[in-house]
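Results of the structural survey
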Amino acid sequence: MENLAYNLNFNELSNKLSLGSIIDEPKQISGGLLHLMFQLKTDRGCYAVKALNPQIMQRETAMGNYIFSEKVVNKVADSGINALPAISVNGNSIHKVDGQYYLVFSWVDGKALKVESVDRDKCRMIGELLARIHQLDFSSISSNHENKMNLNTTNWNMLFEKARKLDLIWANEFKENPDTLYKLENQANAAILNSFNEVVICHRDLDPKNVLWDDAGKPMIIDWEAAGYMNPSLELLEVALYWSGDEKHDKELFCAVIDAYIENGGTMNSNKEDTIYSVFKGKLQWLEYNMKRSLRIECSSEEEQKLGTKEVVSTMQSINAYSRLIPDLLYWLR
């Protein structure tokens, strides 16, 4: 895969989408760990512009996945759930200018909560919203796009060997981890195969940074680009983990998400252990992707390479912390 750089042209983008004349220098804002996000002010309004990572857009499945995810968020919004789709022009939500792809959104006045600001009421609201999403009828858009989880095994030895040759920090800090990672990935794959025949369309990244709260305490769910098929119990567990803390999880908050989900019509897989071990799959996929960014195998800039290295270290720490949490999770879920 060729390493491509971002090619930003906001004036042309604004002209193409009739957003108006730009009245202020576009300002880069926080927008997740995959793409670049900007606030764009014009004489016609204010917009959030997501410049899609050119490395990701080279993947064969990327465009189809993003088109599908926009169908999902529009369906969710049409159901009455507060969700933010991208601006569509002539039926297209993904806009290409000078080889660069963008998603453009109306600006939303709201704030994402920091993990330490999350309370029980917010967790219950998230559990209820998740149950409502999982029970929506997506049959009109889902028949030709069964985006199921990849159960391939990563070549961890190769990635660590390349990292050692480049003397990257994570190759030396986690010398024992290739064998551990193979073991965890095999456990996760087996858990998914054992128990997860049921899949529904999910957000798949419903953590606190992807929910904006207005002054009245009403949530808006954003960043639907990862939307696709997933076992609902697995997403429920991941969401409960997201909203109950960072590395140290609060049992009351964790249970608030799950209780509200079940009270609003959701159900949880009876095989709790397989659900718990399946969580490792997403963590390991994120680890692999960031190792490749750190190694410049999939990297669009020096800043992204540094971000990849930082995320490798934090993800390894997260995997270790989650392993230690498993006995508590088994107890809480009983």
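These remarks concern the structure in this document. Per chain, residues are indexed from 1 in the order of the written sequence. Owing to the predicted nature of the model, reporting of local features is limited to residues with pLDDT of at least 70; listing and counting of side-chain atom pairs is limited to 80 or more, with chain, interface and lining totals taken over all residues. As a rule here, side-chain values come from all non-hydrogen atoms in the structure, and water together with hydrogens is ignored.

Things to note about the sheet that holds strand 2 (residues 36–42)
By the convention used here, strands pair only if DSSP detects at least 2 bridges between them. Counting from the N terminus, the helices are the DSSP runs of H or I reaching at least four residues and the strands are the DSSP runs of E reaching at least two. Strand order in the open sheet formed by 5 strands is 1-2-3-5-4, and the pairing between neighbours is antiparallel. With one partner strand each, in any of the chains shown, strand 1 (27–29) and strand 4 (95–97) form the two edges of the open sheet. Here the average twist between neighbouring strands, direction ignored, is 40°. In this structure, strand 1 lies alongside strand 2, joined through 3 bridges in antiparallel fashion. Paired with Lys27 across the bridge in strand 2 is Gln39. Against the sheet, helix 1 (residues 10–17) makes contact with strand 2, strand 3 (45–51), strand 4 and strand 5 (100–106), and its axis sits at roughly 135° relative to strand 4, the strand it touches most. To obtain each axis, a line is fitted to C-alpha atoms, and for helices this fit is confined to the stretch in contact; angles are then taken between N-to-C directions over 0 to 180 degrees. Residues are treated as being in contact if the distance between any of their heavy atoms lies within 4.5 Å.

Some words on the side chain of Glu311
Structurally, Glu311 can be placed in helix 12 (residues 302–333). Summary of the burial criterion: residues with accessible area below 20% of their type's maximum are buried, those above 50% are exposed, and those between are partly exposed, where the area comes from a 1.4 Å probe applied to protein chains only. Charge assignment in this entry is limited to Lys and Arg as positive and Asp and Glu as negative, and neither His nor the chain termini are counted. What makes a salt bridge here is a side-chain nitrogen of Lys or Arg within 4 Å of a carboxyl oxygen of Asp or Glu, nothing more. Lys310 provides the closest opposite charge to the buried, salt-bridge-free Glu311, at an N-O distance of 6.0 Å. Under this definition, polar contacts are N or O atom pairs within 3.5 Å; protein pairs additionally need one hydrogen-donor-capable and one acceptor-capable atom, and for neighbouring residues in sequence, both atoms have to be side-chain atoms. Of note is the side chain of Glu311, whose polar atom sits 3.1 Å from the side chain of Trp286. Once residues within four sequence positions are removed from consideration, Glu311 is found in contact with Leu33, Trp286 and Asn290.

Some details on helix 3 (residues 62–78)
Helix span, expected: 1.5 Å multiplied by one less than the number of residues in the helix. Along its 17 residues, helix 3 runs 24 Å from first to last C-alpha, staying within 8% of the 24 Å computed at 1.5 Å per residue. Inspection of helix 3 places Ala62, Tyr66, Phe68, Ser69, Glu70, Val72, Val73 and Val76 among the buried residues, and these make up the whole buried set. Looking at the packing, one finds that the buried side of helix 3 touches helix 2 (54–57), strand 5, helix 5 (139–142), strand 7 (200–202) and strand 10 (228–230).

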